[in-house]
Amino acid sequence: MRDDRCGEQEGQHMTKVVIHIFHGDDDSISYGSRLSERIRQIAADKQAEVEVFCFGPAQARLTGGPGDEARAVHNRRLDDLIAAGVPVGACVNAAKADGTDEELRKRGFTLEVARDAFLRFALEGATVITF
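Each value, and the rule that gives it
- Residues numbered from 1 in each chain as written.
- Predicted model: local features only at pLDDT ≥ 70, side-chain atom pairs only at ≥ 80, totals over all residues.
- Heavy atoms only, no water.
- Phe/Tyr/Trp six-rings, centres within 6.5 Å; stacked < 30°, edge-to-face > 60°.
- Buried < 20%, exposed > 50% of the residue type's maximum accessible area, 1.4 Å probe, protein only.
- Helix = DSSP H or I, 4+ residues; strand = E, 2+ residues; numbered from the N terminus.
- Pairing = 2+ DSSP bridges.
- Right-handed = clockwise from strand over helix to strand, strands pointing away.
- Core = buried A, V, L, I, M, F, W, Y, C linked by side-chain atoms within 4.5 Å.
- Contact = heavy atoms within 4.5 Å.
- Axes fitted to C-alpha atoms, helices over the stretch in contact; angles between N-to-C directions.

A closer look at the packing of aromatic side chains
Taken as a whole, this structure holds 6 aromatic pairs when the rule is applied. With a centroid separation of 6.4 Å and 40° between ring planes, the pair formed by F53 and F55 is classed as tilted. Residue classification places F53 among the buried positions, given a relative accessible area of 0%. Ring geometry for F118 against F121: centres 5.6 Å apart, planes inclined by 90°, an arrangement best described as edge-to-face. Taken as a pair, F118 and F121 lie in helix α6 (residues 114-123) at a separation of 3 residues, close to a single helical turn. The class of F118 is partly exposed, set by a relative accessible area of 28%. On the basis of relative accessible area, F121 is assigned to the buried category, the value being 1%. Ring-pair connections join several aromatic residues into one group, and the members of that group are F22, F53, F55, F118 and F121.

Rendered as structure tokens:
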């Protein structure tokens with residue numbers, strides 16, 4: 001029997017898009033954080049949710065000193081996404097190894113084991129786009 005009700009049906013999940021920012025080059029972090037914001041702007045209208053996960057070389061660019069314009073823009077965009085309610089995560093093991101876990105938590109990052117995050121994305125049926 002077909003159910004013509006509007007909205008989410010019991011047992012169904014909202015569509016999810018995960019922007020996985022992995023590569024640490026200027027273009028990858030710039031375009032990855034920019035696309036994340038652009039998707040956020042329309043996600044609710046499309047009954048979708050967006051999440052961002054930083055890992056690998058891109059995670060190393062979440063902290064650092066001044067003078068790196070691409071890093072500063074990347075971090076500002078991610079902080080703005082967090083402020084807008086978008087879950088932004090990073091690998092807890094890498095953060096602990098780098099000594100950045102407390103700083104990232106204070107900024108509002110969700111820290112979890114990357115393995116667990118990627119399995120969760122698969123179980124949620126998320127579309128993962130990697131930069």
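From this point on, the discussion continues.
Some details on the pairing of strand β2 (residues 48-54)
When you tally the buried positions in β2, you get 6 out of 7 residues, the bulk of the element. With 7 bridges connecting them, strand β1 (residues 15-21) and β2 associate as parallel partners. In the sheet register, T15 faces β2, and the bridge partner there is A48. Since β1 and β2 lie parallel, the crossover through helix α1 (residues 26-43) that links them has a hand, and here it is right-handed.

Quick word on the nonpolar core
Grouped together as the largest cluster of nonpolar side chains are 22 residues, with contacts concentrated most on I21, V52, L78, V88 and F109. Every element with two or more residues in this core is listed here: β1, α1, β2, α3 (69-83), β3 (88-91) and α4 (92-98). Top element by residues in this core is α3. It accounts for 4 residues. Not counting residues within four places of it along the chain, the set of residues in contact with I21 comprises S28, I29, G32, S33, V52, F53, C54, F55, A58, H74, L78 and F131. Grouped together as the second largest cluster of nonpolar side chains are 7 residues, F53, C91, A117 and A126 included.

Structural notes on the sheet that holds strand β5 (residues 127-130)
Spatially, the 5 strands line up as an open sheet ordered β4-β3-β2-β1-β5, and their pairing is parallel. Edge positions in the sheet fall to β4 (110-112) and β5, since each of these pairs with one other strand and no more. Strand-to-strand twist of the sheet, defined as the mean angle between neighbouring strand axes without regard to direction, takes the value 25°. Taken together, the 4 bridges between β1 and β5 define a ladder with parallel strand orientation. The residue bridging H20 from the neighbouring strand is T130, located in β5. Seen against the sheet, α1 touches β1 and β2 and runs at an angle of roughly 165° to β1. Here α6 sits on the sheet in contact with β1, β2, β3, β4 and β5, set at roughly 160° to β2.

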